[in-house]
Amino acid sequence: ARILQVSSKVKSPWYSASPFSSSVPTVKLFIDGKFVESKSDKWIDIHNPATNEVIGRVPQATKAEMDAAIVSCKRAFPAWADTSILSRQQVLLRYQQLIKENLKEIAKLITLEQGKTLADAEGDVFRGLQVVEHACSVTSLMMGETMPSITKDMDLYSYRLPLGVCAGIAPFNFPAMIPLWMFPMAMVCGNTFLMKPSERVPGATMLLAKLLQDSGAPDGTLNIIHGQHEAVNFICDHPDIKAISFVGSNQAGEYIFERGSRHGKRVQANMGAKNHGVVMPDANKENTLNQLVGAAFGAAGQRCMALSTAVLVGEAKKWLPELVERAKNLRVNAGDQPGADLGPLITPQAKERVCNLIDSGTKEGASILLDGRKIKVKGYENGNFVGPTIISNVKPNMTCYKEEIFGPVLVVLETETLDEAIQIVNNNPYGNGTAIFTTNGATARKYAHLVDVGQVGVNVPIPVPLPMFSFTGSRSSFRGDTNFYGKQGIQFYTQLKTITSQWKEEDATLSSPAVVMPT
Ligand code: NAD
């Protein structure tokens, strides 16, 4: 039975409440505080990845619609930037409450469009909610600096000020969390925001926009357009957009970073990954195997922080059969089905790509210890399912090692020493996340110190930093110089103004022009 329906409690002007009816519902644009039907003649189908049924259509916004969205953002900016910081904080405080109250509804939309399990979808919303909660501390985060009496009667102080109109381009894999990394942080600083969600999973963003409006965000402070390349090019080129936040693949991210930078914008781009879990023979075996399996196959491997590569050091290689046994026990099913551990991949093309990468492992001499390519899920025969797959005897020159697979596939390498493992990780171009499993503090410290990866877990398989820190992927996993959320996020969405101010007593008035550079 399909339990996924958007509950009638939630008014959904952006999306029909009956996604399985014969007429295909459409996703609206959000322009100047209104959910409006697009006049576009170009539409993209949205599928339920568990069935491949078309559940909706999303427009490729027209140029006029995108222009209207920018006009709205630009018009709303001065008043929003001038709104007291306490009032902006109040909007965010109400917003975090509304997200909590609607968390399950947002999660249902995520499972419907993206495929992940309901429990995992709730985690998706929750991790975004934490960023909203942190954004509520803007009153401290946005403080500038002061330096009194830098010379006689002169004080120096700086303000952090919003940039203007900022934009966000999001991927399909975290339909709530990643948009919530973007517009709440930007808006609480006083910017207005143009959001382009992933065309595969727009529903959660639309509901989040409605909740933000219900929290008191004025019309025009958030606008939402839909589309693909044309919308992305529009964002990269438009002179009124001052900054772009992008999360997605390297192919798109590098393009957007270059094109946006060329047009004078700040760009932060979080991109692809190949995250290694290094397993030392002294690790707590039970814990490590469970963590590895959870982090490799959870969300069907469609997480940028999925632990997709295991490096078994020394005797730890003997744990491979047990790893396989644990992975075999995972239940693959539609995300709304009770007990499902992992759901389908996003599209048939994604499934084909993942299966081709598994094939490449066989051709290049690796061993498939667990093969999920032929899995059939009862009642969901048309879904994009791949079961947990483990490829061993993998070498760094193999395609399945070099490419980000982004599916439920764990590739396993073996080394004799920790030093060799570190070398492998550091030779990989990506620097998103990594983890070491060990009971030896000195080993853990050495690894954390020497590994050239932005986010390191010690006995923590998916070390995504909490929002008081920042998401610090590095090397090929990131372009830009200021990371998402935390203090770095505030820096990204603000610029400094520094004021040098002199107030002299009347009897200290200059008697002649000061023509020399002040020292
Ligand atoms: P994607 O790059 O295909 O799409 C992301 C966004 O870019 C979408 O809004 C899409 O419309 C747009 N886009 C796609 N192709 C484009 C192109 N050629 N030119 C311009 N715009 C384009 O990414 P995806 O498949 O939605 O997401 C998966 C990828 O995102 C993986 O590589 C994953 O590692 C990465 N990701 C990274 C992080 C991180 O924080 N590092 C987080 C989540 C996902």
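Above this note sits the structure.
Residues numbered from 1 in each chain as written. Predicted model: local features only at pLDDT ≥ 70, side-chain atom pairs only at ≥ 80, totals over all residues. Heavy atoms only, no water.

Observations concerning the pairing of strand β10 (residues 241-247)
Operational definition: Each residue gets one of three labels from its accessible area relative to the maximum for its type: buried under 20%, exposed over 50%, partly exposed in between, using a 1.4 Å probe on protein chains only. Helical segments are the DSSP runs of H or I of at least four residues, strand segments are the runs of E of at least two, and each set is numbered from the N terminus. Here, strands pair whenever DSSP counts at least two bridges between them. Seen with its strands pointing away from the viewer, a crossover is right-handed if its path from the first strand over the helix to the second goes clockwise.
With respect to burial, β10 is a largely interior element, six of its seven residues being buried. Summarising the sheet, β10 and strand β11 (residues 266-270) pair through five bridges and their orientation is parallel. What sits directly across from Phe246, in β11, is Ala269. Each parallel crossover has a hand, and the one from β10 via helix α9 (residues 250-262) to β11 is right-handed.

Considering unusual backbone geometry
Although it is not a glycine, Asp153 sits at a positive phi angle of roughly 65 degrees. With respect to the element layout, Asp153 can be found in the loop between β5 (146-151) and β6 (154-162). The phi torsion at Phe406 lies on the positive side, around 55 degrees, for a residue other than glycine. If you trace the backbone, Phe406 turns up in the loop between α13 (399-402) and β16 (409-415). Take Phe406: its relative accessible area is 22%, and that puts it in the partly exposed class.

Let's talk about the site of the ligand
To keep things clear, this is the line we draw: Working definition: residue near molecule or strand if any one of its non-hydrogen atoms lies within 4 Å of it. Definition of a polar contact: a pair of N or O atoms within 3.5 Å, with one able to donate and the other able to accept a hydrogen when the atoms are protein atoms, and with sequence-neighbouring residues admitted only if both atoms are side-chain atoms. Where accessible areas are quoted, they stem from the Shrake-Rupley method and a 1.4 Å probe; at the residue level, only the protein chains shown are allowed to cover. Grid points spaced at 1 Å and placed over the protein atoms alone form the basis of the search, with a cavity being a set where a 1.4 Å probe fits but cannot get out and a pocket an open set showing protein on both sides within 12 Å along at least five of seven lines. Lining residues have an atom within 4 Å of a point. Molecule-in-pocket calls rest on the fraction of atoms, with more than half required to lie within 2 Å of the cavity or pocket grid points. Under the scheme applied, nonpolar residues are Ala, Val, Leu, Ile, Met, Phe, Trp, Tyr, Cys and Pro; charged residues are Asp, Glu, Lys and Arg; polar residues are all the others, including Gly.
Near the ligand you find 25 residues, and of these Ala170, Glu199, Ser249, Met271 and Glu404 are the closest. The separation between an oxygen atom of the ligand and a polar main-chain atom of Gly248 is 3.3 Å. The contact in question runs from an oxygen atom of the ligand to an N or O atom on the side chain of Ser249, over 2.5 Å. Its free accessible area being 840 Å², the ligand has 89% of it covered by the protein chains. In this structure the site holding the ligand corresponds to the largest pocket. Those elements giving two or more residues to the shell around the ligand turn out to be α6 (177-188), α8 (229-237) and β10. In terms of residue class, the shell around the ligand is made up of 14 nonpolar, eight polar and three charged.

Considering the packing of helix α10 (residues 285-297) against helix α11 (residues 320-328)
Heads up, the rule is: Throughout, an axis means a line fitted to C-alpha atoms (over the contacting stretch in the case of helices), and angles, computed between N-to-C directions, take values from 0 to 180 degrees. If an angle is under 35 degrees, it is roughly parallel; if it is over 145, roughly antiparallel; if it lies from 65 to 115, roughly perpendicular; otherwise it is oblique. Whether a crossing is left-handed or right-handed is set by the direction in which the near helix is turned from the far one by less than a right angle, anticlockwise for left-handed and clockwise for right-handed. For this analysis, residues touch if any pair of their heavy atoms sits within 4.5 Å.
α11 packs onto α10 with a crossing angle of 50 degrees between their chain directions and a minimal axis gap of 10 Å. When the interaxial angle is binned, α10 and α11 end up oblique. For the crossing formed where α10 meets α11, the hand is right-handed. Of α11, the residues touching α10 (which contributes Lys285, Glu286, Leu289, Asn290, Leu292, Val293 and Phe297) are Glu322, Leu323, Arg326 and Ala327. The residue makeup of the contact of α10 with α11, split by class, is six nonpolar, one polar and four charged.

Brief notes about the sheet that holds strand β14 (residues 367-370)
Taken in spatial order, the seven strands of this open sheet run β14-β15-β16-β13-β12-β18-β19, and their pairing is mixed. In this open sheet, the two edge strands, each paired with only one partner strand, are β14 and β19 (455-458). When strand polarity is set aside, the average angle formed by the axes of neighbouring strands in this sheet is 20 degrees. Note: strand β13 (residues 309-313) against β16, five bridges, orientation parallel. Bridge pairing links Val313 to Thr415 in β16. Strands β13, β14, β15 (389-392) and β16 of the sheet are contacted by α11, whose axis makes an angle of about 50 degrees with β14.

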